[in-house]
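What follows is each chain in one-letter form.
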Amino acid sequence: MGDFNKKESESLDFTGLKIPRDYLKQKEDTLMRKRVFVRKAITTFLVMAMVIGCLSGCGKGSGNDSSTGSKSSSKSIAGLKDNGDGTYTVTVAVLDAMAPYTYTDEKGQFQGYDYEYMKALDEKLEDYKFEYVAASADAAPAAIQAGTYAMSVSAHFVTPARAENYLLSIPESYYPINLISRKEDSFTKFEDLDGKSLVPNPPNDGLSVALSDMAKQYPDVKYKQDPTSEYIPYLDGVQAVIKGQYDCWFGGESMYKDLLNSKPELKDTTFCSDPITAAACVCVINKSLTDFREAVNEATVELYKDGTLKKLSEEYLGADYFETAKDTDSLFDYDGYTAENANWYEK
């Protein structure tokens, strides 16, 4: 603009018109007013843009994920596909060789308690349609984190690693835990472990978590357990107890019965107590799917209340493990469940 004024003042007569003496001053005043107007216009535009941006951001930042609908999460993943008609297809990882919870029969068909539970969930959740994919125990965790699968349900215990990396449902089943000792000892309660040695378990294993929870309930019971990062096979653990290397195996009756099927002679030298606690088994869900987790929780409460879970437990697990959880003070408060205590496992 400065160069333009200079050139114009050097040729004031180029139109042949008479130019007032104060022309340059009037021109400069006019240009100044134009500059002020432009600055104000730009400032107003920027302020309005910021306000609109803030309002838009506030709307998208709500916890209900209103921008994507209440049925889905704010994060889209491959394991939860929007079908465009108000329904979602959920890809579920089913772990094989986890009988009686999940396994495939001789015809290659999925079977087990957790598979039947998922089918019951599918019927309850009208806005979700389940698709089942066989997955290995090694591959499933990373695939759920990556969003390839939405969830897995295969007798999963609550562990610190799972609580950190996934969303966990309320308990959909229970795993009774017993004391397996030498027959001459025949331990029946947790207090019997005072001064005794236990077969080691890795610290992030579900049994270790259950053991730690019981230790908090009985602070006067001082047992010994060697640290380890490796899983000890069930048979090796029981044989170590028989040989006197350890006094007790903190494990499950179902594991013990499996051992007796292949080695019935173990019954002559070992004793399995009644359950002393019951570890919760939960759905492991991709961490972004909060709305889906809530739908699963609400449906699970309904399945508990209408007796479906009790029936499935008796049919596939051989007993009502919800009653076992109640008898050992391990039962979740299904009647008192609300969305506010969805993260019940974060103690």
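Just above, that's the structure.
Calculation criteria
- Residues numbered from 1 in each chain as written.
- Predicted model: local features only at pLDDT ≥ 70, side-chain atom pairs only at ≥ 80, totals over all residues.
- Heavy atoms only, no water.
- 1 Å grid on protein atoms, 1.4 Å probe; cavity = no way out; pocket = protein on both sides within 12 Å on 5 of 7 lines; lining within 4 Å.
- Points joined across faces, edges and corners; volume = space filled by probe spheres on them.
- Helix = DSSP H or I, 4+ residues; strand = E, 2+ residues; numbered from the N terminus.
- Nonpolar A, V, L, I, M, F, W, Y, C, P; charged D, E, K, R; others polar.
- Core = buried A, V, L, I, M, F, W, Y, C linked by side-chain atoms within 4.5 Å.
- Buried < 20%, exposed > 50% of the residue type's maximum accessible area, 1.4 Å probe, protein only.
- Contact = heavy atoms within 4.5 Å.
- Axes fitted to C-alpha atoms, helices over the stretch in contact; angles between N-to-C directions.
- Parallel < 35°, antiparallel > 145°, perpendicular 65-115°, else oblique.
- Pairing = 2+ DSSP bridges.

*Asks:* How would you explain empty space enclosed by the protein if you had to name every residue and give the values?
*Replies:* This model, assessed by the stated rule, comprises 1 cavity of 30 Å³ or more. In this structure, the largest cavity encloses a volume near 30 Å³. In this structure, the largest cavity is lined by Y101, Y175, P176, E253, S254 and Y321. Put simply, the parts of the chain that give the lining of the largest cavity at least two residues each are β8 (173–182) and α8 (253–262). Among the residues forming the lining of the largest cavity, the class breakdown is 4 nonpolar, 1 polar and 1 charged.

*Asks:* Residues and numbers for the nonpolar core, please.
*Replies:* Y117, Y128, F130, M151, Y174, F250 and F292 are the most contacted members of the largest nonpolar core, which totals 91 residues. Tallying contributions element by element places strand β13 (residues 277–285) first for this core, with 8 residues. Apart from residues lying up to four places away in sequence, Y117 is in contact with V153, E172, C283, V296, T300, L303, L309 and L312.

*Asks:* Please set out the packing of helix α3 (residues 113–124) against helix α9 (residues 290–305) residue by residue, giving values where relevant.
*Replies:* For the pair α3 and α9, interaxial distance at closest approach is 10 Å and the crossing angle is 110°. By the criterion of interaxial angle, the relationship of α3 to α9 is roughly perpendicular. Taking contact as the criterion, the partners of Y117, A120, L121 and K124 in α3 are, on α9, V296, A299, T300, E302 and L303. Looking at side-chain class alone, the contact of α3 with α9 contains 6 nonpolar, 1 polar and 2 charged residues.

*Asks:* Residue-level account of the pairing of strand β2 (residues 88–95), with values.
*Replies:* Among the 8 residues in β2, 8 count as buried, and that is most of the element. Side chains of β2 alternate between two faces, with Y88, V90, V92 and V94 and T89, T91, A93 and L95 buried alike. With 3 bridges joining them, strand β1 (residues 80–82) and β2 adopt antiparallel strand pairing. Considered in β2, the bridge of L80 is made with V90.

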